[in-house]
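What the coordinates show
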Amino acid sequence: MAKTTRTAAIDIGSTKVACVVAETDAGKKTSIIGYGTAPPDGFKQGVVVNLDRATESVTSAVAAAEDMAGGKVKAYRTFVGVSGEHIKHLEGIGAVPVRKPAKGIGQRDVEDVIRQAQTIRLPNDEQILHVIPTQFIVDGQKGIRNPLGLFGVRLEVEALLVIGAVTAIENIYRVLERLDIRHRFLVLQALACSFAVCEEDDKELGCALVDLGGVTELSVYREGEIRFVKSLKVGASNITKDVAIGLRTTFGQAEEVKCKHGVAMASMVEQDETLEVDDASGRGTKQVSRRLLASIIEPRIEETLNMVDAEVRKAVTGEGLSGGVVLTGGGSMLQGADVLAEQITGMPVKLGLPDRLIGPKEVTKDPRFATAVGLLKYGLEGRYLFEMPGSGIWEKLTEDIRGWFS
Ligand SMILES: Nc1ncnc2c1ncn2[C@@H]1O[C@H](COP(=O)(O)OP(=O)(O)OP(=O)(O)O)[C@@H](O)[C@H]1O
Ligand SMILES: [Mg+2]
């Protein structure tokens, strides 16, 4: 009988917890076979603030995905997204003498140098999530992506170290333990997301990924690898709050009119219409103009995109990003968000949909699932084996590393 394997992803976003389950068949074809979401109670912007409630939220998203897929997530390798303001990145460097210069650089040399890049002094409350080599240097020759087999006496590496707060990470582990999910790997959300919505070529040329969710997470890629990540405090949730205040209506109504009738720029409302919304007082409804709605949304989305643009400019000095911008996350569905993003950044903007895995359109055509699908792709490509300290490969580097570098 053909062997199939299953993989799960849990994305803890600021507006929802999502779980997606995929199955890979003997021919290596992967399809999404289950998904579920739940409100992120017990979390505040991805960080656990109430263990019991957080556990319930994840349980309910997982249960919905399990019902659909038939099976238990705890039996699968599970990739879990982490994000939040506690995430930062540093550059790590390592240098080692090549063990057997006459034979060329071997796997153990690569392993040694990457291990050395992690030996930085971190405060006790921080830990490394990913170690991503950005270039190798052999006897001073820079810009090498794959040093295996090259001749040289000295091997150096520059790596991006993604770091998170120990408490935030441990609390997510505790939630997963309560669900008995033990075969789990924590992955930076932005990095995972890029595996769902960025083309390899764009990452190679240089691109920025803007995940416009409840809050905004920006990441920048060059020469195929992540170079920069930053969580901004503002995002699509702020737009809803502004609409609730501006239209004097409830948060729920504001969310609904924003998603149904919202536009990123007031000038894009060609013919004004009137919309009916509940009054905040709870007594009756009232009529508001769509142009007014757009004029409330515009300054907030503009502010958010201006912050993105400023960060991109800080992160990218000189060479620019010829791969442009990929916009994803629920906020990317706001009508005209891409047009405004093009105006503000002066770069071409593509909308990123997680449609590179086969699956129900409710997932593959919905940018809110970009991170969850990206977590699956990240896991399926086996990158975690190399990029995550403690995931096992450091002790048993094998032939696989060739595949990674080639
Ligand atoms: N059609 C739409 N127009 C505008 N905004 C939308 C639309 N659909 C969803 N959104 C907004 O997208 C946001 C949710 O996006 P998403 O699910 O990507 O966020 P998240 O993953 O929960 O949060 P984060 O990634 O920031 O932690 C909400 O603020 C929601 O209002
Ligand atoms: Mg998200």
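Nothing here was measured: the structure is a model prediction, and the numbers come from that model.

Attention shifts here to the overall build of the protein. In terms of regular secondary structure, the protein is built from 13 helices and 18 strands. Whereas a compact globule of 406 residues would reach a radius of gyration of roughly 22 Å, the protein reaches 22 Å, a difference of no more than 12%. Referenced to the eigenvectors of the C-alpha coordinate spread, the extents of the protein come out at roughly 80 × 50 × 45 Å. Here the protein, with 406 residues, has 55% of them falling under the buried criterion. Long-range contacts, defined here as pairs at least 24 residues apart, represent 64% of the contacts in the protein between residues at least 6 apart. Measuring between centres, the 49 positive side-chain charges of the protein sit 4 Å from its 55 negative side-chain charges.

On to the pattern of salt bridges. Per the counting criterion, the structure on display carries 30 salt bridges. For the salt bridge of Arg 99 with Asp 109, the shortest nitrogen-to-oxygen distance reads 3.9 Å. Taken together, the positions of Arg 99 in the loop between β7 (88–97) and α2 (107–117) and Asp 109 in helix α2 put the pair ten residues apart, joining distant regions of the chain. Glu 303 is paired through a salt bridge with Arg 300; the nearest N and O atoms lie 2.9 Å apart. Pair noted here: Glu 303 and Arg 300 are both in helix α8 (residues 290–315), with a separation of three residues, about one helical turn. Taken together, the salt bridges that share partners define one network made up of Lys 74, Asp 180 and Arg 182.

Bringing the site of ligand 1 into the picture now. Within the structure, ligand 1 sits among 18 residues, and Ser 14, Thr 15, Val 215, Glu 255 and Lys 258 are positioned closest to it. Residue Gly 214 places a main-chain N or O atom 3.0 Å away from an oxygen atom belonging to ligand 1. Residue Gly 331 places a main-chain N or O atom 3.2 Å away from an oxygen atom belonging to ligand 1. With the chains in place, 93% of the 650 Å² that ligand 1 exposes on its own is no longer accessible. Put simply, the parts of the chain that give the shell around ligand 1 at least two residues each are α6 (236–246) and α7 (251–261).

Splitting the protein by domain gives domain 1 (5–85 + 167–194 + 357–387), domain 2 (88–165) and domain 3 (199–352). Using only C-alpha atoms to locate each centre, domain 1 and domain 3 end up separated by 24 Å. Contacts between the two partners involve 19 residues from domain 1 and, on the opposite side, 20 residues from domain 3. Among the residues of domain 1 in contact with domain 3, Ala 190, Ser 194 and Pro 367 are the three that bury the most area, contributing 33% of the side total. Viewed at the interface, domain 3 and domain 1 are joined by two salt bridges. We note a salt bridge from Glu 85 to Lys 233, for which the minimum N-O separation is 3.6 Å.

Take the packing of aromatic side chains next. Each aromatic ring pair is summarised here by two numbers: the centre-to-centre distance and the angle between the ring planes. Enumeration over the complete set of coordinates arrives at three aromatic pairs. With centroids separated by 5.8 Å and ring planes inclined at 75°, the aromatic side chains of Tyr 35 and Phe 369 adopt a geometry described as edge-to-face. Here Tyr 35, found in strand β3 (residues 30–38), pairs with Phe 369, found in the loop between α10 (361–364) and α11 (370–380); they are 334 residues apart in sequence, far enough to count as distant. Among the residues examined, Phe 369 registers a relative accessible area of 6% and is labelled buried.

What follows concerns the sheet that holds strand β8 (residues 126–138). Strand order in this open sheet of four strands is β7-β10-β8-β9, and the pairing throughout is antiparallel. Only two strands of the sheet have a single neighbouring strand rather than two, namely β7 and β9 (141–144). Pairs of neighbouring strands in the sheet enclose a mean axial angle of 35°, with direction left out of account. Two strands pair when backbone bridges link them, and β8 and strand β10 (residues 154–165) are joined in this way by eleven bridges, in the antiparallel orientation. Bridging from a neighbouring strand, Gln 135 pairs with Glu 158 of β10. Where helix α3 (residues 166–178) meets the sheet, its contacts fall on β8 and β10, and the angle it forms with β10 comes to roughly 70°.

Rules behind the numbers
Residues numbered from 1 in each chain as written. Chains lettered and ligands numbered in written order. Predicted model: local features only at pLDDT ≥ 70, side-chain atom pairs only at ≥ 80, totals over all residues. Heavy atoms only, no water. Helix = DSSP H or I, 4+ residues; strand = E, 2+ residues; numbered from the N terminus. Rg over C-alpha atoms; globule rule 2.2 N^0.38 Å. Buried < 20%, exposed > 50% of the residue type's maximum accessible area, 1.4 Å probe, protein only. Contact = heavy atoms within 4.5 Å. Lys, Arg positive; Asp, Glu negative; His and termini not counted. Charge placed at Lys NZ, Arg CZ, Asp CG, Glu CD. Salt bridge = Lys/Arg side-chain N within 4 Å of Asp/Glu carboxyl O. Near = heavy atom within 4 Å. Polar contact = N/O pair within 3.5 Å; in protein donor to acceptor, adjacent residues only side chain to side chain. Areas by Shrake-Rupley, 256 points an atom, 1.4 Å probe, with all protein chains shown as cover. Domains from an automatic or database assignment. Buried area = accessible area lost by both parts, 1.4 Å probe. Phe/Tyr/Trp six-rings, centres within 6.5 Å; stacked < 30°, edge-to-face > 60°. Pairing = 2+ DSSP bridges. Axes fitted to C-alpha atoms, helices over the stretch in contact; angles between N-to-C directions.

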